[in-house]
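Observations on chain architecture
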Amino acid sequence: MQPTALAPALPPPQPPPASPWPWQRLHARLMPDYNRNATIYWWSVVLLGAAVLGYSLHQLAAMTAATWLQVLAASMLAMVAGLVPVRIPRSTNSFTAGEIFIFLLLLLSGPEAAALGSACEALVGSWRTSKRWTSRIASPAMAALAMFSAGSLLQTGLQALQRHGLAHDGLLLLGAILFAFGYFLLNTLLVTMVPRLKRNEPLNLKAFLDSFGWLGIAYAGNASVATFLYFSFRQSGIVVVVAAVPIIVILLTTGHWFFRREEAEEAVRKAREQEAAQRQALENARHAGMAEIATNVLHNVGNVLNSVNVSAELIATRVRDSEAASLGCAVQLIEQNGDRLGDYLTNDARGRMLPMYLKQLAQALEEERAEIAAELAVLTKNVRHIKEIVSTQQAYAGASSLVEPVHIVELIEDALRIDNSALAGRNVTLLREFEAVPALLLDKHRVLLILVNLIANARHAMQRLPEAAHRLTLRVQVADPCSLQVIVADTGEGIAAEHLTKIFAHGFTTKKDGHGFGLHSCVLAAREMGGKLTVASAGPGQGAAFTLELPLKTERPS
């Protein structure tokens, strides 16, 4: 009886993943960029702020209607001021005069009233500047918490001065200024803590003061104005405060529109500078592109001249060592024995060898002639190639930025003529895959600049892997009814993934003697023509393919 084979034990079925709790889904929707520390901090501040607001409302509920009217009026003024921020020129910072009314409310009705007014102003400001509910909820809570804490310290200090008989307007003004700095530090720290926790960044006090120190000075100025209004209120009542409100509003509105105009003028100036810089960059790219073409021309002319020099040396050597000198010796023997030439050729030992010698000499001279003719053909071909290279360069050297009907295949052939000698004899197979494309409206100079650079770069990439047989593919194809693609693909060393995103950046190069401007000038030229230049590579050793995409604009009808 054969034992029965046991089937492998199946793993126990896994329970389906539990669906997230509703609060988890809400957190993922409202706080996708909050880490654990930032989330804990946000909830802590919001709950503390809510507790402060609840306590403040409870305390204000026992106050008189006049106090409630003061709180309502000051809060409304602070909210209105928050709608008209004054942006500081050449910065991203702005401030409002709402703190004047909030600080005055602190002196008149205590920290609970000021906390409520501060929360109202922060709610308006956050609603204007942010679309995230996390900011709209946290900003009023932080403002209320900071105002209640700093205001309570000020109130405690003023009460201590009164108990000791030291109450004085000068000390009140000094205390208000110190309170303003304390409120600035606490409120700004509470607000900026969230992004620091998200990025896990420690507090840099110097950077903090450099970025927000101006806000503390603005708070101190607002606290001083609020204190003087408080002094006037004690002497003359609410009339002085009411009269000061239009003055503050006018000053605030004037500052707002003045700085807005400064900001607009600054934006226009920057736009003009940017436009001028872009024009200069394009002009630099143009000159650099011509220098790149000229460098390739000189390089390839030099390569051809090497071949010319080799051919000239071979011809000179063959002429110097020619067998023609031996023909002179044979002629001299014939002249010396002219009166008995028949007997000399028949009976003389040396004379009998002369016909065979002349036959061999004729064969040698014919071989010399063939070799010299072949070298002369090579020399002529190389000289003609130099002429073609120089002629092609001259055709584009004076080219201006002019759009004209151009056959893209002819431009590719021109680019190959400039760089073809460097490709010759390097175990590179050149493949042309050209679709039939009519004459297009192109800038000949810029397109040639790009093609010469791409072909030269492909050649360099393949030269770095000399042991392999390489293939350079030039392809012209219509991508869609509006665009034409010219693809230069090689089987060279390829491009690493981390370099693909920065290969067109100015100054980036992987060549030892490169300057990092060739591809940068190409991408600028492509953009200037309304096209684009992209690259793809599977990685090191896998080759690369550059794609030049140009608008498919055909020749205008005459």
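Everything below is about the structure printed above this text.
Below you will find a few notes about this structure. On a predicted model such as this, the values are computed, not experimentally measured, just so you know.

A look at the nonpolar core
Judged by nonpolar contacts, the single largest core of 53 residues is most densely connected at F103, M142, M147, F179, Y183 and L190. Breaking this core down by element, the ones donating at least two residues are α2 (36–60), α3 (65–82), α4 (98–109), α5 (111–129), α6 (133–163), α7 (169–199) and α8 (205–236). By residue number, the principal contributor to this core is α6, which donates 10 residues. Discounting residues that sit within four places of it in the chain, F179 has contacts with F103, L106, M147, A150, G151 and L154. Ranked by size, the runner-up nonpolar core spans 40 residues in total, among them V406, L472, V488 and L550.

Comments concerning the sheet that holds strand β9 (residues 544–551)
Taking strand neighbours across the sheet as the criterion, the 5 strands line up as β4-β6-β7-β9-β8 in an open arrangement whose pairing is mixed. In this open sheet, the two edge strands, each paired with only one partner strand, are β4 (428–434) and β8 (532–536). Between one strand and the next, the sheet's axes are offset by a mean angle of 15 degrees, whatever the strand orientation. Both β8 and β9 contribute to a ladder of 5 bridges, which runs antiparallel. Looking across to β9, one finds that L533 is bridged to L548. Lying over the sheet, helix α14 (residues 444–463) contacts β4, β6 (470–480), β7 (483–490), β8 and β9, oriented at roughly 25 degrees with respect to β7. In the packing of helix α16 (residues 518–528) onto the sheet, the strands contacted are β8 and β9, and the crossing angle to β8 comes to about 135 degrees.

Here's the deal with the packing of α2 against α7
Relative to each other, α2 and α7 sit at 160 degrees, their axes nearing to 8 Å. Relative to α7, α2 is oriented roughly antiparallel. Seen along the crossing, α2 lies across α7 with a hand that is left-handed. Across the interface between the two elements, N37, A38, Y41 and V45 of α2 pack against L189, L190, M193, V194, L197 and K198 of α7. Classifying every residue of the contact of α2 with α7 gives 8 nonpolar, 1 polar and 1 charged.

Focus: the environment of S521
Residue position: S521 is located in helix α16. A sequence separation of 238 residues divides S521 from E283, and the C-alpha atoms of the two residues are 9.7 Å apart.

Conventions used here
Residues numbered from 1 in each chain as written. Predicted model: local features only at pLDDT ≥ 70, side-chain atom pairs only at ≥ 80, totals over all residues. Heavy atoms only, no water. Core = buried A, V, L, I, M, F, W, Y, C linked by side-chain atoms within 4.5 Å. Buried < 20%, exposed > 50% of the residue type's maximum accessible area, 1.4 Å probe, protein only. Helix = DSSP H or I, 4+ residues; strand = E, 2+ residues; numbered from the N terminus. Contact = heavy atoms within 4.5 Å. Pairing = 2+ DSSP bridges. Axes fitted to C-alpha atoms, helices over the stretch in contact; angles between N-to-C directions. Parallel < 35°, antiparallel > 145°, perpendicular 65-115°, else oblique. Left-handed = near helix turned anticlockwise from the far one by under 90°. Nonpolar A, V, L, I, M, F, W, Y, C, P; charged D, E, K, R; others polar.

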